[in-house]
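# Architecture and fold: a report
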Amino acid sequence: MTSKERVLAAMRRQPVDHVPCAPLMNFQPEDQRWGRRWQYPFGPSDREMLDYMVGELGVDQLLQTGIDHYPERGVDSRVWMDGDIIHKSWTTPSGVLHAAVRCDEHWLPGFDIPLFHDYNPSHFVEPWIKTMRDIDCLRHVLLPPSDPDDLARIRFQFAQCRQLADRHQVALSVSAGLGLTGAVHMFGAEEVAVRCVTEPDLVDAYLEVDHRYNLGIMALALDLGVDIVKRNGFYESCDLFSPDVLRRFLSDRRRREAALVHAGGARVGYTLRSGWVPILDWLATLGIDSLFCPDVFLRGGDARLLAGTLGAATSFWTGPSDTIHMPYERPDEVRRAVRHVFESFGRTGLVVTPCSTSKAVFPWENVLAMIDEWKTLR
């Protein structure tokens, strides 16, 4: 089997010639590395990564890409500073969408405030979403591309990605959709959890804007011929939200998104790292083909429970933890982690990867240990 055939078959829980290993890599921006040494034996590009990982190590990689948001024509943004506070505003036909963050040595996005960034909540002085008027403004900003010039540029970029994927015979994946993960970035973590209870209509209105954007991006990605559409549910878990909140706000939207992807002939991946034990029965109803990076080694994780509850219809991209195993020089523990996932999930519907990624600053010997143990067990 080719790498692409093997990975897609594993995601469908179909027979494979051997269990695939497709380590999800994280190049990390320079500021995020905090002066730590670059450990990859290749440079920070997908081409170099695939040449080495597929060509030299013989693993099954995934080529991942994405599509940005494209505000309406005439909608402008402005960034400025007031002391150590960065401000950004979007001027729209419905008013001004504004956010502010405190800039310190831990603020990574530079002279900007992205709509979606993990560093937003901890630095917010004023979040993006506060009232329903902000939602009205967001409808002019969070949109899939529609301008012919933008679409032509995206098609060219995807054609290049497809050529690279085909050269190495690997699957092409696009990330599309954030849901409550994006709401954490836009409201703040504590704020969105509270608003789900005190102002559910506000959260629901935000999620509907996000959902419409997701459907547009997914439809475009399918037209461009992607193999896998990954939905980021990193914070859509019981670490922040109750099972009832997740069911209320996400069920119908997740099912519609999954149905669209399946109708387009692609597989549905869902990233969910922790906080999943109380919602396993619910996850089984969402049309997910594969759960990406459930970390079965974090407190509360249970690999055999996960396999027993979802394993009849769902595949799993999982392996050593990037919190517990991969950051330290512990190759023997990495090997034990690989053995544990094989023992727990078996050889059907398993794709071996660090959870959630193998970061550029992690000891490379851990990646080699993971791959070597996989080759013994596959």
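Residues numbered from 1 in each chain as written. Predicted model: local features only at pLDDT ≥ 70, side-chain atom pairs only at ≥ 80, totals over all residues. Heavy atoms only, no water.

## Looking at empty space enclosed by the protein
Applying the stated rule across the entire model yields one cavity of 30 Å³ or more. For the largest cavity, the calculated volume is near 40 Å³. Lining the largest cavity are Gly179, Leu207, Asp210, His211, Asn214, Arg231, Leu250, Arg253, Arg254 and Glu257. Secondary structure elements with two or more residues in the lining of the largest cavity: helix 9 (200-223) and helix 10 (243-263). (1 Å grid on protein atoms, 1.4 Å probe; cavity = no way out; pocket = protein on both sides within 12 Å on 5 of 7 lines; lining within 4 Å. Points joined across faces, edges and corners; volume = space filled by probe spheres on them. Helix = DSSP H or I, 4+ residues; strand = E, 2+ residues; numbered from the N terminus.)

## Some remarks on the pairing of strand 11 (residues 315-318)
Judged by which residues are buried, strand 11 turns out to be covered on both faces: Ser315 and Trp317 on one side and Phe316 and Thr318 on the other are all buried. Pairing analysis gives three bridges linking strand 10 (residues 290-292) to strand 11, with the strands arranged parallel. Residue phenylalanine 292 lies in a different strand from strand 11, and its bridge partner there is tryptophan 317. Running through helix 12 (residues 303-310), the crossover from strand 10 to the neighbouring parallel element strand 11 is right-handed. (Buried < 20%, exposed > 50% of the residue type's maximum accessible area, 1.4 Å probe, protein only. Pairing = 2+ DSSP bridges. Right-handed = clockwise from strand over helix to strand, strands pointing away.)

## Points about the sheet that holds strand 5 (residues 95-102)
Ordered in space as 3-4-5-6, the four strands form an open sheet in which the pairing is antiparallel. For this open sheet the edge positions go to strand 3 (76-82) and strand 6 (124-126), each flanked by a neighbour on one side alone. In this sheet, adjacent strand axes meet at a mean angle of 25° when their direction is disregarded. (Axes fitted to C-alpha atoms, helices over the stretch in contact; angles between N-to-C directions.)

## Focus on the state of the cysteines
Enumeration according to the criterion identifies zero disulfides in this entry. Cysteine 355 supplies the cysteine sulfur nearest to cysteine 21, a cysteine that is in no disulfide, at a spacing of 11 Å. (Disulfide = S-S within 2.5 Å.)

## Quick notes on the layout of surface pockets
Over the atoms rolls a probe the size of a water molecule, and in doing so it shows where empty space is left. In this structure, the second largest pocket spans a volume of roughly 200 Å³. Looking at the second largest pocket, the residues that line it are Tyr70, Pro71, Glu72, Arg73, Val75, Leu143, Pro144, Pro145, Ser146, Asp147 and Asp150. For the lining of the second largest pocket, the residue count by class is six nonpolar, one polar and four charged. (Nonpolar A, V, L, I, M, F, W, Y, C, P; charged D, E, K, R; others polar.)

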